[in-house]
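Geometric and topological summary
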Amino acid sequence: MNVRLLIICTIFGLSLGCQSKQSPEPAAESAASPVQQAASLKANPDAKLAVETLPLADRKIIRNATLRFRVEKLSESETRITKLATQFGGMISSSQENRTGGLFEIALTIRVPSARLDEFLGALLKESIYTDTKTISAEDVTRQYADTDARIRVKKATEARYLQLLQKARNVEEVMAVEAQLGQMRENIEAQEAVLRTLKNDVALSTVMLTMYERGESVNEPDAPFYVQAAQNFRDGFSFLGQFIVGAFYFVPLLLIAAALWWTIRWWRRR
C-alpha cells in the first residue's frame, strides 16, 4: 500500500509539472505585480523576455555604497551621522573604532531605505572635509527574485495536492508516507521563502559602509633618565653575553669533527 501511494505521489508531481508548463495560473495573476506576472511565466519560453522587458520602476535592484572621508571632530561627526540615519528612516547596524598612532578611525555600517540613498549620501558628505573614496554599486536581482517567487508558488501548489492526498489516505502507512512528503516540501518552501525575504530586505534597504577618520598629533613617550638607560644597557649587555655563550655551543660538533679529522691525518702521515 505504501509503494502504491508513493507511485501516486510521483504521478501527482509529474502531472503538476506538466500543468505548470501547459497553462498559467488562474485569473488571480492579473492582479499580481509585474514581477509576479513574469515569475508565473517561468516555465514559458518567453519568461526570460518578460523579465528583461520590465520597466525600471518595477525591477528589483540592490544599491549599496562605500565611503571613506576625513572629518574635523570624530566624536561629533559620529553623533550627527547617527541622528541623520534615524531621520532618513535607517539605523546604524554596526560600529567599530580603531586608533593607530595619530590616526583615529570609526567604521560604521548604515542601513537606509534604498529610495532615499542618494539623498542620504548628499547629507552624509557634508561631514567630510576630504573624501578619499566614494563608490556606489547597483545589482539587478529581478530574475532571481522572479525565479524564487515562482518556485515558492509551484511548491505551494504541490503542497496543496499532497494535502488532498492526505485526506484520501486510508491507513496509517499512507498517512505517514504523505506526511513525509509534506514535511520535505514544507522545508523547501521555507528555504525559498528565506531567500525571498533576504532579497526583499536587500532591495528595500541599502547598505552604506562608512569609514571616517581624524588626524591627531602622535604621542611620543618622554626620554627616560640616564640612570634608567644605563641600567637597561647593562641588562642588555648581560643578555647579549648569554646569547653569545649559548650560540657558541652550536660550533662544538664542528670542532669535534675537525679535531677527529686532524688526528686521523697525523696518524696516517706517521704510518
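Because the structure is predicted, anything quoted here is derived from the model rather than measured. (Residues numbered from 1 in each chain as written. Predicted model: local features only at pLDDT ≥ 70, side-chain atom pairs only at ≥ 80, totals over all residues. Heavy atoms only, no water.)

**Brief notes about the sheet that holds strand S1 (residues 61-70)**
Strand order in the open sheet formed by five strands is S2-S3-S5-S1-S4, with mixed pairing between adjacent strands. With one partner strand each, in any of the chains shown, strand S2 (91-100) and strand S4 (130-140) form the two edges of the open sheet. The mean inter-strand angle of the sheet, taken between neighbouring strand axes irrespective of direction, is 10 degrees. The pairing of S2 with strand S3 (residues 103-113) spans nine bridges and is antiparallel. By the bridge assignment for S3, Thr100 is matched with Leu103. Where helix H4 (residues 74-87) meets the sheet, it contacts S2, S3 and strand S5 (205-215), and its direction lies at approximately 5 degrees from that of S3. (Pairing = 2+ DSSP bridges. Helix = DSSP H or I, 4+ residues; strand = E, 2+ residues; numbered from the N terminus. Axes fitted to C-alpha atoms, helices over the stretch in contact; angles between N-to-C directions. Contact = heavy atoms within 4.5 Å.)

**Some words on the nonpolar core**
Core analysis: the biggest nonpolar cluster contains 21 residues, and Ile110, Phe120, Leu124, Val208, Leu210 and Met212 have the highest contact counts within it. Elements supplying a minimum of two residues to this core: S1, H4, S3, helix H5 (117-124) and S5. If we ignore the near neighbours within four places in the chain, the residues touching Phe120 are Leu84, Ala85, Phe88, Ile110, Val112 and Val208. The next biggest cluster of nonpolar side chains, apart from the first, holds seven residues, and it includes Ile62, Ile152, Leu196 and Val203. (Core = buried A, V, L, I, M, F, W, Y, C linked by side-chain atoms within 4.5 Å. Buried < 20%, exposed > 50% of the residue type's maximum accessible area, 1.4 Å probe, protein only.)

**Description of helix H9 (residues 252-270)**
For H9, with 19 residues, the first-to-last C-alpha span of 27 Å sits near the 27 Å given by 1.5 Å per residue. Counting buried residues in H9 gives zero out of 19 residues, a small share hidden from the surface. (Expected span 1.5 Å × (residues − 1).)

**Some points on the pattern of salt bridges**
The tally for this structure, following the rule as stated, stands at 10 salt bridges. When the shortest N-O distance is used, the salt bridge between Glu127 and Arg80 registers 2.7 Å. Here the residue Glu127 occupies a position in the loop between H5 and S4, and Arg80 occupies one in helix H4, the gap between them amounting to 47 residues. On the accessibility criterion, Glu127 (16% relative accessible area) is buried. (Salt bridge = Lys/Arg side-chain N within 4 Å of Asp/Glu carboxyl O.)

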